[in-house]
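# Architecture at a glance
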Amino acid sequence: TVNNAKLHTWWHDSGVMTRSVLQPASVRQSDLYSIQVTNSVDQTYYDSFVYQTIPRNGQGNVLKPNDPSSTTDASDGITIEEAIGMTMSWTSFLYSADVWLKVHRLDNSSIQSDSFVIRPTNLNFTTSISGADLFILVPYDGESKKFSVEFDDNLYDVEPLDSLFIFASPFEDESLVPDETSDNVLIVEEGRISGLDTTQANTVIFKPGVYYATATDYLNLSSTVDWLYFAPGAYVKGAVEYHSNSALVKATGHGVLSGEQYVYQADPTDGFQNHNVNGSPLRMWKGTIPWGQKTTWLINGPTMNSPPFNSMDWYGDQASLSVQCTDYKQVGGFFGQTDGMEAYPGSVYQDIFYHTNDDTIKVYYSDVSISNVLVQKATTAPVIQFGWASRNLSNIQVDNVNIIHSRWNSNGSNPGLIGSNNVYDPSTTSTSAMNSSTADTHSTAQDITFSNIRAEGISGPLMRIYALENFSNITISNVWIEEFGCCTGYEAVGIPESFMPAMTDSSGNNVTVDGFVISNFMVGDEKVTLDTASTVGHL
């Protein structure tokens, strides 16, 4: 490995190549790929650790932590992934100049010039083949680069059986790296995590190494802690809950926070057993905002692996919280209900990778900007979601979204690039999908733009939108869908079909829709017009 002004890679001596449950102090290492990186004149290649995540983390579908006998047939959102041996590998490094990557397949499968693809396909990276290795030139321009490398002989249908992601990030700004010598800093010792709930420190640092909270514990921070730093090469098994009253709360660094030790919907109030409810299961990121206090959560750099449920929720005065999130990665979102993160009022998200199995880009609040998002989507929910309840929304911009794979398998999975799902009824754990009188005509969603959206491969519909409030000035522009899936099947409406049914409130009053515009919508190489809206665009 190397750590100089141009390149920083890292390694874990505790890496283990296995598809079974890991020991707490071990890190799952890819048994399929190795990566080396160089930007030196003499072409010295340095190892970059390739992580791996697998469905259910080798535990099977179990209800109780550390109890392999507690198997169940209850759905955890995983359908075929474990049975077909699906995996996801990734490597991360920091750089400040152009680099060459050397990708090697550990099963010695050959690589030909026409046997791989880099997604998103509009990156147009320079590549070459030498021997059994693929070389990729990754340019440096001050922005992070996130992409997938896929091989034609390693596909399940059209999706990679064994995904490989590269996360190349600029070096950290000094303001995002805490001073280890400060009096208010706690440097956590490697191994079993303890003492975070009683520390008087403001900043907690995880240096390179492996840390774990076990399957029945988590990082329950004391009220003084307002900054977590995950150094490059830190691998932290656990989930985070803040209790700080600070106006600025942070999580920075290019280490990993992993939920791999937890069962699906692990509930801390019930011994971390599986609990099929919404409120109490563990979130990977959680906190509570004091009422009336404007608070910012700044998050830059971390990779979050294998969430056991919703990835992030804050409580208390949510309207007073804004999130400033950059260069964030979510991998291993195989379980159901593994959403993307919430964008509270005034939030800005930039340069994000999401692997999710539920709502991905969630825009439930106003004055939000989300841009440069790479998505690999599993079977459930739309990519962009602004429904589930009637809301007053305004000034929302979602721009430059690349969906490299999506795998909706039914209308019940709420497919779509853009969605506003009907009102959610927690008493029945269902949506009122057939009810067209659930709107609130006193609420309005206005001045919203969804732009520059690309969906590679087979896609679901452009949109499925229940207007749960009045709509004004909503624009969907510059959308490209490579191709739709098959429209036939047992369901009356094909999965590629978009719709926006007329909605009323409970008294029969219609919502109003004004200035709802779809412009420059392409399917393959054909532009969707009014004449071809239903045939080409499935609108």
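Quantities reported herein were computed from a predicted structural model and do not represent experimental measurements.

### A word on the overall build of the protein
When its secondary structure is counted, the protein shows zero helices and 45 strands. For the protein, the C-alpha radius of gyration of 23 Å lies close to 24 Å, the compact-globule estimate for 539 residues. Its C-alpha atoms give the protein principal-axis dimensions of about 65 × 55 × 50 Å. Within the span of the protein, comprising 539 residues, buried residues form 57% of the whole. Counting every atom, the protein has about 20300 Å² of accessible surface; 47% of that belongs to carbon and sulfur. Between the centroid of the 25 positive side chains of the protein and the centroid of its 60 negative side chains there is a distance of 3 Å.

### Some remarks on the pattern of salt bridges
Counting across every chain of the model gives 17 salt bridges. The shortest N-O distance in the salt bridge between K145 and D141 comes to 2.6 Å. We classify D141 as exposed; its relative accessible area is 51%. In this structure, E159 engages R407 in a salt bridge whose closest nitrogen and oxygen atoms are separated by 2.7 Å. Here E159, found in strand 14 (residues 159-160), pairs with R407, found in the loop between strand 37 (393-405) and strand 38 (418-420); they are 248 residues apart in sequence, far enough to count as distant. In terms of burial, E159 and R407 fall into one category: buried.

### Notes on the packing of aromatic side chains
Remark: the centre distance and the inter-plane angle together describe each pair of aromatic rings, the angle taken between the planes. Within the structure shown, the criterion is met by 27 aromatic pairs. Ring centres of Y218 and F272 lie 6.1 Å apart, and the angle between their planes is 55°; this geometry places the pair in the tilted category. Note that Y218 is positioned in the loop between strand 19 (209-212) and strand 20 (219-220) and F272 in the loop between strand 26 (266-267) and strand 27 (273-274), a separation of 54 residues in sequence. A centroid spacing of 6.2 Å and a plane angle of 15° characterise the contact between Y262 and F272, whose relative ring orientation is stacked. With a gap of ten residues between them, Y262 in the loop between strand 25 (256-258) and strand 26 and F272 in the loop between strand 26 and strand 27 connect regions that are remote in the sequence. Judged by relative accessible area, F272 falls into the buried class, the value being 7%. Ring-pair connections join several aromatic residues into one group, and the members of that group are F206, Y211, F230, Y242, W285, W297 and W314. If you follow R105 out to its NZ or CZ, it ends over the ring of F151, 4.3 Å from the centre. Over the ring of Y364 we find R391, and its NZ or CZ is 4.1 Å from the ring centre.

### Brief notes about the UniProt feature "domain: Glycoside hydrolase family 49 N-terminal" (unreviewed entry) in the protein
Per the UniProt record, the feature "domain: Glycoside hydrolase family 49 N-terminal" (unreviewed entry) sits at residues 1-158. Its end C-alpha atoms 34 Å apart, residues 1-158 is made of 0% helix and 36% strand.

### Brief notes about the pairing of strand 24 (residues 248-252)
In terms of burial, strand 24 is a largely internal element, four of the five residues being buried. With five bridges connecting them, strand 24 and strand 29 (residues 295-300) associate as parallel partners. Its bridge partner being in strand 29, V249 is matched across the sheet by W297.

### Observations concerning the nonpolar core
Judged by nonpolar contacts, the single largest core of 91 residues is most densely connected at F206, W285 and W297. Core analysis: the second largest hydrophobic core is formed by 25 residues, Y95, V103, F116 and F147 among them.

### Describing the sheet that holds strand 10 (residues 127-130)
Read across the open sheet, the five strands follow the order 5-4-8-11-10; overall the sheet is antiparallel. Where the open sheet ends on each side, the last strands, each with one partner, are strand 5 (46-48) and strand 10. Here the strands of the sheet are splayed against their neighbours by 30° on average, with no regard to which way each runs. Where strand 4 (residues 33-38) lies against strand 8 (residues 99-105), six bridges are found, and the strand directions are antiparallel. By the bridge assignment, Q36 is partnered in strand 8 with K102.

### A closer look at the sheet that holds strand 36 (residues 384-385)
Spatially, four strands are ordered 34-36-38-42 in an open sheet, and the strand pairing comes out parallel. Two strands close off the open sheet at either side, each with one partner strand: strand 34 (361-362) and strand 42 (463-465). For strand 36 and strand 38, the ladder comprises two bridges, and the chain directions are parallel. When the sheet's bridge partners are listed, I384 is paired in strand 38 with I418.

### Considering the pairing of strand 32 (residues 321-331)
Working note: regular strand, side chains alternate between the two faces of the sheet. In terms of burial, strand 32 is a largely internal element, nine of the eleven residues being buried. As paired strands, strand 29 and strand 32 are joined by six bridges and run parallel to one another. Within strand 32, the position partnered with I299 by the bridge is C325. Where strand 30 (residues 303-305) meets strand 32, three bridges bridge the pair, whose relative direction is parallel.

Rules used throughout
- Residues numbered from 1 in each chain as written.
- Predicted model: local features only at pLDDT ≥ 70, side-chain atom pairs only at ≥ 80, totals over all residues.
- Heavy atoms only, no water.
- Helix = DSSP H or I, 4+ residues; strand = E, 2+ residues; numbered from the N terminus.
- Rg over C-alpha atoms; globule rule 2.2 N^0.38 Å.
- Buried < 20%, exposed > 50% of the residue type's maximum accessible area, 1.4 Å probe, protein only.
- Areas by Shrake-Rupley, 256 points an atom, 1.4 Å probe, with all protein chains shown as cover.
- Lys, Arg positive; Asp, Glu negative; His and termini not counted.
- Charge placed at Lys NZ, Arg CZ, Asp CG, Glu CD.
- Salt bridge = Lys/Arg side-chain N within 4 Å of Asp/Glu carboxyl O.
- Phe/Tyr/Trp six-rings, centres within 6.5 Å; stacked < 30°, edge-to-face > 60°.
- Lys NZ or Arg CZ within 6 Å of the ring centre and 35° of its normal.
- UniProt positions renumbered as here; feature names shortened; annotations may be inferred.
- Pairing = 2+ DSSP bridges.
- Core = buried A, V, L, I, M, F, W, Y, C linked by side-chain atoms within 4.5 Å.
- Axes fitted to C-alpha atoms, helices over the stretch in contact; angles between N-to-C directions.

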